Amino acid sequence: MIVLGIESSCDETAVAIVEDGHRVHSNLVSSQVRKHAEYGGVIPELAAREHLRAIAPLVELALREAKLDLSAIDGIAVTQAPGLLPALLVGISYAKGLSAALGKPLIGINHMIAHVYGAFIDQPEVRANPESYPVIALVVSGGHTMLLLIEADGRCSILGQTLDDAAGEAFDKAAKILFLPYPGGPLIDKLARTGDPRAVDFPRGLTGGGGTPLKPENRLNFSFSGLKTALLYNVRPETSGGDSTMREMGDEEFLNIIASYQEAVVDVLVRKTMWAVEDHRARSLVVCGGVACNSRLRVLMAEAAASRRLPLLIAPPAYCTDNAAMIAGLGCHELAAGRRSDYELDATPRFPVPERVYFAPCLPR
């Protein structure tokens, strides 16, 4: 089965062609980062306009790169949710038109589950092995931070999620506080490599530190708003409303603050993920989403997994950030399972994690 995938949930227009869920014929992304950088964040209407300009040429280029024409496509998969409504609607509208013109089935895809699937694209033998389950998946991006439990029969549940800022959002907001350009995550990762991650003892939210008892219901939830505030008052002690200038500091101190802030985010992500692994006796761990590109997260998560002899799948960078290979790949499995969307398919800004995923090896018949 060959599926064409379309992703337009935020500020990346992406198109991919994937065969049988794992053979990626093409995977193209048109980024809008430069257009949104001057605003310090993504503007939904601008994102939608850029998607409109990019999507048709990108489909043509993806087909050319795959050395296929539209007659070879067996189905169309498109991100339905979650995401920015104006942006999602562009991809969904185009996918509906293409589906109708070709007479090929359409399937709406949950972006969060697709991120998890992205870690399995190059690991088909792990995905298909019942012994790999249960899987704990940390989905960590600019808009989401959550822990999922996935069973061999496809049952899926949320174990915990952020109560305020997502981890990627915490990095972007930190960059704004530090007067660094958008997007902040990649730059913070780069600068932190030359700083001391132990220089500043930033708070670790919802971990039971600082004398605040951890409520059982928040054991696997995340909170980064307190950390962000701690950074603000560290570098702008006279702040009022967050718009004052930074206090004077040397380059070494500045880099130490950045490294310590990143360490606090990553420490919480790793710590809570390992709690989930132990609580549910996971046999595999997946780390995915845009923040999974963070080098410090990859190192510390690998160390924690190795100490527990736990197989770790971190999506390669091409499948961490928003891309359409994960959409098309997951679409292959959903279409093969008989799932279809009709032309009433609509965009949804927030989308609950489904009770079942369709890439698991032991789906009930």
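For the structure, see preceding data.
Residues numbered from 1 in each chain as written. Predicted model: local features only at pLDDT ≥ 70, side-chain atom pairs only at ≥ 80, totals over all residues. Heavy atoms only, no water.

### A closer look at the sheet that holds strand β2 (residues 12-19)
Which entries qualify depends on this criterion: Strands are labelled as partners when DSSP assigns at least two bridges between them. Each helix corresponds to a stretch of at least 4 residues labelled H or I by DSSP, and each strand to a stretch of at least 2 residues labelled E; elements are numbered beginning at the N terminus. To get an axis, fit a line to the C-alpha atoms, keeping to the stretch in contact for a helix; angles then go from 0 to 180 degrees between the N-to-C directions. Contacts are assigned to residue pairs with any non-hydrogen atoms lying within 4.5 Å of each other.
Spatial ordering of the open sheet is given by β3-β2-β1-β4-β5, a layout of five strands whose pairing is mixed. Two strands in the sheet have a free side with no partner beyond their single neighbour: β3 (23-31) and β5 (106-110). Recorded for the sheet is a direction-independent mean angle of 20 degrees between the axes of neighbouring strands. Where strand β4 (residues 75-81) and β5 come together, five bridges link them in parallel fashion. The partner of Ala 81 across the bridge, within β5, is Asn 110. Contacts from helix α3 (residues 85-102) reach β1 (2-7), β4 and β5 within the one sheet, and its direction differs from that of β4 by about 160 degrees. In the packing of helix α4 (residues 111-118) onto the sheet, the strands contacted are β1, β4 and β5, and the crossing angle to β5 comes to about 80 degrees.

### Topic: the packing of aromatic side chains
So the rule is basically this: Aromatic contacts are taken between Phe, Tyr and Trp rings whose centres are within 6.5 Å, Trp giving its six-membered ring; a plane angle under 30 degrees counts as stacked, one over 60 as edge-to-face, and the others as tilted. Relative accessibility thresholds used throughout: buried, under 20% of the residue-type maximum; exposed, over 50%; partly exposed, between the two (1.4 Å probe, protein chains only).
One pass over the full model with this rule turns up five aromatic pairs. Consider the rings of Phe 120 and Phe 359, whose centres lie 5.6 Å apart with planes at 45 degrees: the pair is tilted. Here the residue Phe 120 occupies a position in the loop between α4 and α5 (124-127), and Phe 359 occupies one in the segment after α12 (325-336), the gap between them amounting to 239 residues. You can call Phe 120 buried: its relative accessible area is 1%. On the basis of relative accessibility, which here comes to 0%, the residue Phe 359 falls in the buried class. Summarising the aromatic geometry, the rings of Phe 171 and Tyr 261 are spaced 6.5 Å apart at their centres and angled 65 degrees between planes, so their arrangement reads as edge-to-face. One end of the pair, Phe 171, is in helix α6 (residues 167-177); the other, Tyr 261, is in helix α9 (residues 251-280), with 90 residues separating them in the sequence. Taken as a pair, Phe 171 and Tyr 261 share a single burial class, namely buried. Three or more aromatic residues link up through ring pairs in this structure, and these residues are Tyr 117, Phe 120 and Phe 359.

### Description of the pattern of salt bridges
We apply this condition: Salt bridge criterion: a side-chain nitrogen from Lys or Arg within 4 Å of a carboxyl oxygen from Asp or Glu.
On inspection of all chains with the given rule, the structure shows 16 salt bridges. Between Glu 131 and Arg 283 there is a salt bridge, with the nearest N and O atoms lying 3.0 Å from each other. With a gap of 152 residues between them, Glu 131 in the loop between α5 and β6 (135-140) and Arg 283 in the loop between α9 and β9 (284-288) connect regions that are remote in the sequence. Given the relative accessible area of 41%, Arg 283 is considered partly exposed. The partner of Arg 247 in a salt bridge is Glu 253, with the nearest N and O atoms 2.7 Å apart. Its relative accessible area of 33% is what places Glu 253 among the partly exposed residues.

### Let's talk about the environment of Ala 54
With respect to the secondary-structure elements, Ala 54 resides in helix α2 (residues 44-66). With 90 residues separating them along the chain, Ala 54 and His 144 place their C-alpha atoms 25 Å apart. Here Ala 54 is in contact with Thr 13 and Ser 30, once residues within four sequence places are set aside.

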